[in-house]
Amino acid sequence: MALCPASCPPTPAGWMEAANVAAVTVDIAAAVRGILPSVRADLEELITIPSVSADPAASAAVHRSAELTAALLRAAGLLDVEILQAAGGKPAVVGHRPGPPGAPTVLLYAHHDVQPTGAAALWDSEPFTPTVVGDRLFARGAADDKAGIAVHLAALRAHGDELPVGIVVLIEGEEEIGSPTLPAFLATYADRLRADVMVLADAQNWAVGVPALTISLRGLVDCVVEVATLEHGIHSGMYGGAVPDALTALCRLLGTLHDEAGQVAVAGLTRSHAEALDLTEERYRKEAGVLPGVQLLGDGSVTERLWARPAVSVIGIDAPSIADAANTLLPSARAKISLRVAPGQRAAEAMQALTEHLQRHVPWGAHVTVIPGSAGEPFAADARGPAYDAARAAFAEAWGCAPVDCGAGGSIPFIAAFAEQFPAAAILVTGVEDPDTRAHGANESLHLIEFERACIAEALLLANLGGLAVG
């Protein structure tokens, strides 16, 4: 297990150990394969809707995506399916269906909004036209996360009228902009969303052919730092050499964020431990596309650097472009800094540490202003107990090998929001992505064999959870 802080919520009280966790694998797998063509068709229809939540001009498309999702859930047998939103939020879809007496209730989560496509020239096919090449389906949202919706549909349809558990479905519409109103949404509709187990389908498997349960995620904070040295721009020839320019001062300040080995040099940030597993530097360099000769940062295992330690990146700078550059000493310059927060530390504490570092290390007496931006809490699960046992058994049956307990270097703020609002629930973070999915980038794709396995695994998981009882 990669990370398991003592502060993690316990396994839900009241669960009884199940004597028969195994499902009738052949029957369930056959049922999933029988409905998979219709699920694929629905997934491809969802993909054609450009539901980019970050784009105000795509608001109508986001609503169309929610409406189609609601229609698909109604057709899958869910009751009281509604499109809901918190004040100022994007449309989410909620539905439910009761289970047999004494059976647990399972919440199934995914999101229907997608990232912007970026430059069209970087795509090998139209971003919102589903295109199959080999074993992969290419399109924006094909994996992240409209495939998550499709996996839930497959599991529901495979069981039909014989659902072994109570079901609540929540399909969010603003995950790709950081789920800003989700905490308020969860609080407002807590009674409708409460469940014993929550299956949050928006993560990555370890490799094609090797499933994973994500049990930890780093958090995220960002800020804009502005450095000022002058009241106005001045001639670099007349004043350069004595007067510091703001851009050079900013560059020196940004250089203090790491030591010579590339380790984060900000005091007060938490570091933890993660199992090395089998992620070699060679594999990681290939997956990341690191150029020959470029060194990796830090030390220790790659998984520890990715999952259990902070990471600081400069993701933008406001300064004249080379085309617009003049021989002028700049009076001010700004940069945006992104900090990934290791599990075990609150986001606000990490932001305070970063702010103090920037204030303490600004060179030459330059004036510095730090403007905090967004924040998302890290997450770590105590991945023990019957719900996790049921999930591991389902994954092992669907893939033919045991799942890996892994962390994630990225941040998924909604998971921490669920954990905070529903501390008694067992949270299972699953997904259909693989290391070559390229979520958020050009040529995003879904591996279709992995998709089938994920659908079978979730249908098996519901059956396994139906073998447990809530006391």
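See the structure printed just above.
Now for a description of the structure that goes with this document. Small disclaimer: the values here were computed from a predicted structure and weren't measured. (Residues numbered from 1 in each chain as written. Predicted model: local features only at pLDDT ≥ 70, side-chain atom pairs only at ≥ 80, totals over all residues. Heavy atoms only, no water.)

## Considering the sheet that holds strand S6 (residues 136-138)
Strand-to-strand pairing in sheets goes through backbone hydrogen bonds, with the strands running parallel or antiparallel. Read across the sheet, three strands follow the order S5-S6-S19 without closing on themselves; strand pairing throughout is antiparallel. Because the sheet does not close on itself, it has two edges, and the strands there are strand S5 (131-133) and strand S19 (445-447). Geometrically, the sheet is characterised by an average inter-axis angle of 25 degrees between neighbouring strands, direction not taken into account. For S5 and S6, the ladder comprises three bridges, and the chain directions are antiparallel. Directly across from Val 133, in S6, lies its bridge partner Arg 136. (Pairing = 2+ DSSP bridges. Helix = DSSP H or I, 4+ residues; strand = E, 2+ residues; numbered from the N terminus. Axes fitted to C-alpha atoms, helices over the stretch in contact; angles between N-to-C directions.)

## Some words on the side chain of Asp 222
Tracing the sequence through the fold places Asp 222 in strand S10 (residues 219-228). No salt bridge is formed by the buried Asp 222; the nearest opposite charge belongs to Lys 336, separated by 4.2 Å. Here the side chain of Asp 222 touches Ser 374 through a polar contact of 2.7 Å, side chain to side chain. Those residues in contact with Asp 222 that lie beyond four places of it in its chain are Lys 336, Ile 337, Ser 338, Met 351, Pro 372, Gly 373 and Ser 374. (Buried < 20%, exposed > 50% of the residue type's maximum accessible area, 1.4 Å probe, protein only. Lys, Arg positive; Asp, Glu negative; His and termini not counted. Salt bridge = Lys/Arg side-chain N within 4 Å of Asp/Glu carboxyl O. Polar contact = N/O pair within 3.5 Å; in protein donor to acceptor, adjacent residues only side chain to side chain. Contact = heavy atoms within 4.5 Å.)

## Some thoughts on the sheet that holds strand S12 (residues 311-318)
Spatially, the four strands line up as an open sheet ordered S12-S14-S10-S15, and their pairing is antiparallel. Two strands bound the open sheet, and with one partner strand each, they are S12 and strand S15 (367-376). Here the average twist between neighbouring strands, direction ignored, is 20 degrees. In the sheet, S10 pairs with S15 via eight bridges, with the strands oriented antiparallel. Its bridge partner being in S15, Val 227 is matched across the sheet by Val 368.

## Considering the environment of Pro 183
Considering the arrangement of structural elements, one finds Pro 183 in helix H4 (residues 182-188). Residue Pro 183 is classed as partly exposed on the basis of its relative accessible area of 45%. Put simply, Pro 183 and Phe 418 are 235 residues apart on the chain and 7.9 Å apart in space, counted from C-alpha to C-alpha.

## A short note on the nonpolar core
Counting 102 residues, the largest nonpolar core has Phe 185, Leu 193, Phe 418 and Leu 446 as the members making the most contacts within it. Tallying contributions element by element places helix H13 (residues 448-466) first for this core, with eleven residues. If near-sequence neighbours (up to four positions away) are discounted, Leu 193 is found in contact with Val 94, Leu 107, Val 168, Leu 170, Phe 185, Leu 186, Met 198 and Phe 422. (Core = buried A, V, L, I, M, F, W, Y, C linked by side-chain atoms within 4.5 Å.)

## Observations concerning the side chain of Arg 309
Here Arg 309 is to be found in the loop between helix H9 (302-307) and S12. For Arg 309, a relative accessible area of 8% gives the class buried. In this structure the side chain of Arg 309 is engaged in a polar contact, spanning 2.7 Å, whose partner is the backbone oxygen of Asp 299. Sequence-distant contacts of Arg 309, defined by excluding residues within four places in its chain, comprise Arg 218, Gln 263, Arg 271, Asp 299, Gly 300, Glu 304 and Ala 342.

## Describing the pairing of strand S3 (residues 92-97)
Across the six residues of S3, five count as buried, placing the element largely inside the fold. Here strand S2 (residues 79-84) pairs with S3 via four bridges, running antiparallel. By the bridge assignment for S3, Leu 84 is matched with Ala 92.

By themselves these figures say nothing about function.
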